[in-house]
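Structural characterization, general
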Amino acid sequence: MFDLSRIAAESFVRSIDFHDSLGSTNDRALELAIDPGRSTPCLVLAQRQTGGRGRGANSWWSSEGSLTFSVLVDGLERNLPAGNWPLVSLAAGLAVCEALDAWHVDRELKLKWPNDVFLDGRKVSGLLVEIPDPKLSRLVIGIGINVNNSFETAPTELRAIATAMSDVESRTFELTDVLIRVLTALDAQLRCLEQSSATLRERWSRRSLLTGRIVTLRHGNEEAAGRCLGIDGEGALLLETASGVRAFRSGVVVRYDSQSVEDRASSRPTESV
Ligand code: BTN
């Protein structure tokens, strides 16, 4: 059970829309976004999410023990011009990494461009940032984190790519504590974005899972492949392709090597994932 009074007292949200069960917290936040009377930041929180959405046509599997929520923020209130909105997903991903660091000392929390967080090489969190109507200047930041929803009994293929905090640390976590820490980190990252993206750029580049690896990206009808050089200040993925360095602001990573070019050179070859 969530402690809603603690969340209200210890986080930056000004209103909470709580549901025992909800299709998608993002869908609900998109609905609330058009209500001018709704005070922001508004947290939409579901004890159980039955129709979670991911990027594109993907769905988000939210079984018992997972944390699923969306935060409706106002771009004007947060001093976030529309030009900075494409960076919000990375800033929120960084917030999840930095918040989860508290419980995963000495483990690797990485940002997989553009919207995933990986814990020790497997996906632990996914983010979905949506803009209801640019005229409203409001954004929905949807975050799903595998906290106590163990993957230990999940099919082998799923266990190979996804994990939960509880699987990695062999203990369970208080969902309210995890949520408050993530919200606090999110507020801090949005503040950084208000000021300048320069420090964020350095921090998300340091966290980038794909840097140094050979990556294949689908971009519209095109596929581009090359060594990933990191993420630039505009949040674009940099690939060193056969035709030179290219910056991709959007796209879907369809393949990437499991090791960086440097690591591969010093060990035996491994499969792509
Ligand atoms: C992805 O992996 O493609 C993004 C997944 C985002 C899932 C979260 S869970 C809370 C919020 N509500 C949704 O329907 N989706 C996001």
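Refer to the preceding data block for the structure.
These figures come from a predicted structure and were not determined experimentally.

This brings us to the sheet that holds strand 5 (residues 116-119). Taken in spatial order, the 7 strands line up as 1-2-3-7-6-5-4 in an open sheet, and their pairing is mixed. A single partner strand is all that each edge strand has here, and the edge strands are strand 1 (15-22) and strand 4 (109-112). Strand-to-strand twist in this sheet, taken as the mean axis angle between neighbours without regard to direction, amounts to 20°. The strands touched by helix 6 (residues 175-195) within the sheet are strand 2 (42-49), strand 3 (67-74) and strand 7 (138-145), with strand 3 carrying the most contacts at an inclination of about 30°.

Right, let's talk about the packing of helix 3 (residues 88-101) against helix 7 (residues 198-207) for a bit. With their axes 10 Å apart at the nearest point, helix 3 and helix 7 run at an angle of 65° to one another. The hand of the helix 3/helix 7 crossing is left-handed. For the pair helix 3 and helix 7, contact is made by Leu90, Ala91, Leu94, Cys97, Glu98 and Asp101 and by Leu200, Arg203, Trp204 and Arg207, respectively. Its residues assigned to classes, the contact of helix 3 with helix 7 comprises 6 nonpolar, no polar and 4 charged.

Moving on: the site of the ligand. Around the ligand, the structure places 21 residues, and the nearest of them are Ser24, Thr25, Arg53, Arg55 and Lys123. A distance of 3.0 Å is found between a nitrogen atom of the ligand and a side-chain nitrogen or oxygen belonging to Thr25. Separating an oxygen atom of the ligand from a side-chain N or O atom of Lys123 is a distance of 2.6 Å. In the complex, 98% of the free accessible area of the ligand, which totals 410 Å², lies under the protein chains.

Basis of the calculations
Residues numbered from 1 in each chain as written. Predicted model: local features only at pLDDT ≥ 70, side-chain atom pairs only at ≥ 80, totals over all residues. Heavy atoms only, no water. Pairing = 2+ DSSP bridges. Helix = DSSP H or I, 4+ residues; strand = E, 2+ residues; numbered from the N terminus. Axes fitted to C-alpha atoms, helices over the stretch in contact; angles between N-to-C directions. Contact = heavy atoms within 4.5 Å. Left-handed = near helix turned anticlockwise from the far one by under 90°. Nonpolar A, V, L, I, M, F, W, Y, C, P; charged D, E, K, R; others polar. Near = heavy atom within 4 Å. Polar contact = N/O pair within 3.5 Å; in protein donor to acceptor, adjacent residues only side chain to side chain. Areas by Shrake-Rupley, 256 points an atom, 1.4 Å probe, with all protein chains shown as cover.

In short, geometric facts, not functional conclusions.
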